[in-house]
Amino acid sequence: MKSINPNNHSTVNVKDRELSKSLNWHASSTTQIFSHLNVDEHQGLSHAEATARLAQHGANALPEHARRPAWFRFCLQFHNPLIYVLLVAGLITLALNDYIDAGVIFAVILVNAMIGFIQEGKAEQALEAVRNMLAQHARVLREGDRHEISAKELVPGDIVILESGDKVPADLRLFKTKNLKVNEAALTGESLPTEKNTPAVSEDAAIGDRHTMAYSGTIIAIGHAHGVVVETGVNTEIGRIGTLVGEIKSLSTPLTRRLDQLAKQITLVIIMISAITFLYGRYINEMPPLEIFLAVVGLAVAAIPEGLPAIVTIILAIGTRSLASNKAIIRRLPAVETLGSVSVICSDKTGTLTKNEMTAVRVVLADCNIEITGSGYSPEGGFHCNNKSIDASANAAVAQLVRCALLCNDARIEHKPDENVWSLIGDPTEGALLALAHKSGLDTESELQRYPRIDTIPFESEQQFMVTLHHDHNGQYFAFIKGAPERIFSLCKTQAEAKDIDLAYWTKQMEQLASEGDRVLGLAKYIFPSEKNSISLSDISQQFELLGLVGIIDPPREEAIQAIAECKQAGIMVKMITGDHAVTAAAIGQKLGLNADNALTGAQIEKLSDEALKTSVMQTDIFARASPEHKLRLISALQSLGYQVAMTGDGVNDAPALKSADIGIAMGMKGTDAAREASDLVLTDDNFATIARAVREGRAVFDNIKKSLLFLLPTNGGQSGVIILSVFAGIAMPITAGQILWVNMVTAVTLALALAFEPAEKNVMHYPPRPSNEPLITNTLITRVIFVSILMIAVTFIAFEWELSRGSSIEIARTAAVNMLVVGELVYLFNIRHFTTSAFNTETLLGNPTAIVVSILLISFQLLFTYAPVMQSMFQSQGLDMLSWLVIISLGIVKFFIVEVEKAIWRYYKVTRM
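What counts and how
- Residues numbered from 1 in each chain as written.
- Predicted model: local features only at pLDDT ≥ 70, side-chain atom pairs only at ≥ 80, totals over all residues.
- Heavy atoms only, no water.
- Axes fitted to C-alpha atoms, helices over the stretch in contact; angles between N-to-C directions.
- Helix = DSSP H or I, 4+ residues; strand = E, 2+ residues; numbered from the N terminus.
- Parallel < 35°, antiparallel > 145°, perpendicular 65-115°, else oblique.
- Left-handed = near helix turned anticlockwise from the far one by under 90°.
- Contact = heavy atoms within 4.5 Å.
- Buried < 20%, exposed > 50% of the residue type's maximum accessible area, 1.4 Å probe, protein only.
- Patch = residues over 30% accessible without salt bridge, like charges linked within 9 Å, V, L, I, M, F, W, Y side chains within 5 Å.
- Areas by Shrake-Rupley, 256 points an atom, 1.4 Å probe, with all protein chains shown as cover.
- Salt bridge = Lys/Arg side-chain N within 4 Å of Asp/Glu carboxyl O.
- Pairing = 2+ DSSP bridges.
- Disulfide = S-S within 2.5 Å.

Asks: With reference to specific residues and values, describe the packing of helix α27 (residues 689-729) against helix α30 (residues 779-805).
Replies: Each pair of packed helices can be summarised by the angle the axes make with each other and by the distance between the axes. The N-to-C vectors of α27 and α30 enclose an angle of 45°; their axes lie 7 Å apart at closest approach. With respect to each other, α27 and α30 are oriented oblique. Like other packed secondary-structure pairs, α27 and α30 cross with a definite hand, here right-handed. Contacts from Lys706, Leu710, Leu713, Pro714, Gly717, Gly718, Gly721, Val722, Leu725 and Ser726 of α27 reach α30 at Leu781, Arg784, Val785, Val788, Ser789, Met792, Ile793, Thr796 and Phe797.

Asks: Can you explain unusual backbone geometry? Please cite residues and give values.
Replies: Located in the positive-phi region is glutamine 876, a residue other than glycine, with phi close to 55°. Structurally, glutamine 876 can be placed in the loop between α34 (869-875) and α35 (882-908). Residue glutamine 876 is classed as partly exposed on the basis of its relative accessible area of 42%. In this structure, lysine 910 takes a positive phi of about 65° despite not being glycine. Taking relative accessible area as the criterion, lysine 910 reaches 71% and is therefore assigned exposed.

Asks: Give a description of a nonpolar patch on the surface that names residues and reports values.
Replies: On the surface, a nonpolar cluster with roughly 350 Å² of combined accessible area is contributed by Leu268, Val269, Met272 and Ile273. Position of leucine 268 among the secondary structure elements: in helix α10 (residues 254-284).

Asks: Could you give me a rundown of the pairing of strand β22 (residues 573-577), with the residues and numbers involved?
Replies: With respect to burial, β22 is a largely interior element, four of its five residues being buried. When strand β9 (residues 344-347) meets β22, the two strands line up parallel, connected through four bridges. Bridge pairing links serine 347 to methionine 576 in β22. Relative to strand β24 (residues 622-624), β22 runs parallel, the two sharing two bridges.

Asks: Would you mind going over the state of the cysteines in detail, with residue names and values included?
Replies: This structure, assessed with the given rule, holds one disulfide. Of all cysteine sulfurs in the structure, the one in cysteine 404 sits closest to cysteine 408, which takes part in no disulfide; the separation is 5.4 Å.

Quick look at the structure:
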């Protein structure tokens, strides 16, 4: 293997990728790295060497992953046991030349498939979003000259030049920096830009603490730097996240699992009952083959709730629309119901639980600790000392401090009156200080005119402070300084009232603020004895007067605090998983009402086995310095304990976790494309409180699906029971296969549809989440289904036999039986609007206007079925007289009262859910 002579740009072989991984880039010295990568920092690579390395390492881009073709996704919509049975029934019906019934069956199957196909077509775009985060161009040093190249052409060993506003094009080890701060919020979750420098850090440093590295996809906030490319493409941090997203399989939702289980159960029961009925009718009752075959087909059609997939889809779609009106966008329909099953919400901190707007919340003076109200960059807020409001402009000590905060500052805050938004231009910490000054009543333009700035010493990490020089038009010259408290203390001789500085007091106050998660800044002032027209580091010595300390924090959202309390009331745990420091995360967690004891860091998580992590994850709500892998392990641990996990987030670092969670919830305003595309739910207002409303909607959706089952299954049970009883009793069937399909279709598009608009039950957020393994058909539900099915069979046979007993034709008797089934379902709709609550109240009629509308529509359909000539010829129906209708309606009322008695029994035994 040849080495590279920096002064001789000949084509040489580079070290292979495995060798390049032998170094910890952030923990190695620049000398080691340049030697390892065979590159000179002043010359860069030769063009020939760059070409050779590009051929070996590949393009600096994420690979494309194959996706399922559209035709395959469409075919998968038919992969369901119920659909198989319906297809067989449709084909048999078609073979028997019963084109109307066959057409209806195939139409139901096709509509259901199209709905599922369209919804699935909008998913699986997370990789593309991550890929788009990569920078498009890069400035590199090659053969000693600067060149701008496509970021895809970068290779390990390239020297890259970074300036303010640049997007970092690859993972770089920095070797030259000047006032460099990098915005890594999308990667680490930290609110503030991270200061960068060149000395090596420890090998076990978390991503957010690797100050020697600039990672692909992050943004240069201020300053400039030179760095050497150490990783490209899939080996970068962004690439690793993209790989994680690609490796994660989309999880099935609780609803899809429950529906699959239900479909298999119903299919098995239908096959068994159909086989038994066929054998009994053919060999015991000796029915003609064609007649018993048609009866069994009718039985299969009657037993299959073919309207269920469409009704479930409609319920989910209505829930989606309701959520959208409440600023939550669903990307996958089944995710609506998943919300109702969530038992743990794992939330990112920055921008989700907090405002992502740095805010000065505390000011420490020599004689008072002042609480600052208000949040963000708005000037709204006040100053409170000992629970009493103070006038900042009338308090000399406060006035001096906020003036320093305003004048020793390069940020700007702009107000957009149309949107009532205050936006920051500049460093977030300086924005917090500027907002603090505005809350005191100071105006930036007025203060700058009154105290013009003469000169500046900009902030640099080496000196840890910023200084500005001003005059007051009256011959007085003074300097304001702000920076790290320890550094400011070392430069201060006095404090308020010219007293000697009390270092013990100020150190204690600084440590107290830091323990509460605040970022602490010291502010001071020095008045020069004579005219001063410039300032330099030689002018900075221990001569300043300490004005005070300012505690700055990214404050929690007030609505998030309330939402977390609501989630806890609903039996939902909330976990904060963030890339921020443990102290800061714990402080925010306490304010949010979370258990901040025993906060776990990413380094601690790495040392835990999977079994130990399952224990630790239940002992705290705070997880700090978490990488994408840590988030995945935490979610996996919770899921292995049987919890349904929702993950909220807004950064690129959240994308794998969002996709692996049972439901991923992304922020729509400040969130990245990667997070939004990996999610199931997007909050358009970035408000954690919206999640509580979404959970309530999800629970209502699941309840309505259960009510649809409680409505449809007794209908199918009653219809199939009528056929089974007819075959076993050896009597004429009270209803034909075509009439069965008519009842199923008209009730599905009318009565069952009304349940999709059913409002949530009272106290829906006062009970714990349903277990993820709880089947759709619970013991209480199956008891209700069997009970109502028996009632449906009984009243149908009574109506049918009564018509035959009075000499009516078989067609009239069957028409009466069909109408009896429909009336039985009509009254049952009002029974089932609440699981066990009594229907004897006005809310039963007025609580869901859609129920009244569809009832009227159904009555119209049945009148057409009974009296319209075209319907009579199609379904072999006949007109009924008044007496027939009186008997049918009377039987319906009796059935209604009997079901209410059954509900009263459930209430007696304290059963409120099915």
